[in-house]
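Read off the chains here:
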Amino acid sequence: MALKYRVRQFARTFIRTVPHEQLAEALEHLTANERRLFARLQPVDQRHSLAVYAAAREATPDDRVLWVAALLHDVGKGRPGRIDRVLLTLLETSAPWLLILWRRHAASSRRGRVARLVEHTEASAQLAELAGSAPDVVATIRAYGHRDHARGWLLAELDAAR
């Protein structure tokens, strides 16, 4: 099952379109600066963020903070290539210690880019903060996956399912 999921995930990187109707509705919840951040995402990451956003809307119909965090949670990734994504996935599952070693490499090198993808959540929070996002949005992104932060925990759960 995991292999089948990963193959589908990889195949989706070749789809260049983003559902415009869903995109237009989601962007209404973002400020101009947040929209610019979102626009920097590659189409595959935009589609993913829209899926997480839709799940957040369904799970919490009145929590705009979570919706915005869902849209911006991956903006710190930059624009990784397919090979970078594959390497990250392989190393996370088989040799995570290499990712620690690769942090020593320049950010412009393949090893450096892949190692920095691990830290994209903090980078996403910093970019959201620089864009003027609400403090609760920034805190939610920063607390991604933390059990003691309800929104951060829920964001990670919704993300993992998409």
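What counts and what doesn't
Residues numbered from 1 in each chain as written. Predicted model: local features only at pLDDT ≥ 70, side-chain atom pairs only at ≥ 80, totals over all residues. Heavy atoms only, no water. Core = buried A, V, L, I, M, F, W, Y, C linked by side-chain atoms within 4.5 Å. Buried < 20%, exposed > 50% of the residue type's maximum accessible area, 1.4 Å probe, protein only. Helix = DSSP H or I, 4+ residues; strand = E, 2+ residues; numbered from the N terminus. Axes fitted to C-alpha atoms, helices over the stretch in contact; angles between N-to-C directions. Parallel < 35°, antiparallel > 145°, perpendicular 65-115°, else oblique. Left-handed = near helix turned anticlockwise from the far one by under 90°. Contact = heavy atoms within 4.5 Å. Nonpolar A, V, L, I, M, F, W, Y, C, P; charged D, E, K, R; others polar.

Participant: Outline the nonpolar core, supporting the account with residue identities and numerical values.
Facilitator: The tendency in soluble globular proteins is for nonpolar side chains to be buried as a group. One finds Phe38, Leu50, Leu71, Leu72 and Ile141 to be the most contacted residues of the largest nonpolar core, which totals 29 residues. Mapped by element, the contributors of at least two residues to this core are helix H2 (20–27), helix H3 (32–40), helix H4 (43–59), helix H5 (64–72), helix H9 (120–130), helix H10 (135–142) and helix H11 (150–160). With 8 residues, H5 is the largest single contributor of residues to this core. Residues Leu88, Ala95, Leu99 and Trp102 belong to the second largest nonpolar core, which totals 8 residues.

Participant: Pulling in residues and values, what's your account of the packing of helix H6 (residues 82–94) against helix H8 (residues 110–117)?
Facilitator: Packing of H6 against H8 leaves a shortest axis separation of 9 Å and a crossing angle of 60 degrees. Considering their axes alone, H6 and H8 lie oblique with respect to each other. Crossing angle aside, the handedness with which H6 passes H8 is right-handed. Taking contact as the criterion, the partners of Ile83, Asp84, Leu87, Leu88 and Leu91 in H6 are, on H8, Arg110, Arg113, Val114 and Leu117. For the contact of H6 with H8, the residue count by class is 6 nonpolar, no polar and 3 charged.

What is shown is where atoms sit, not what they do.
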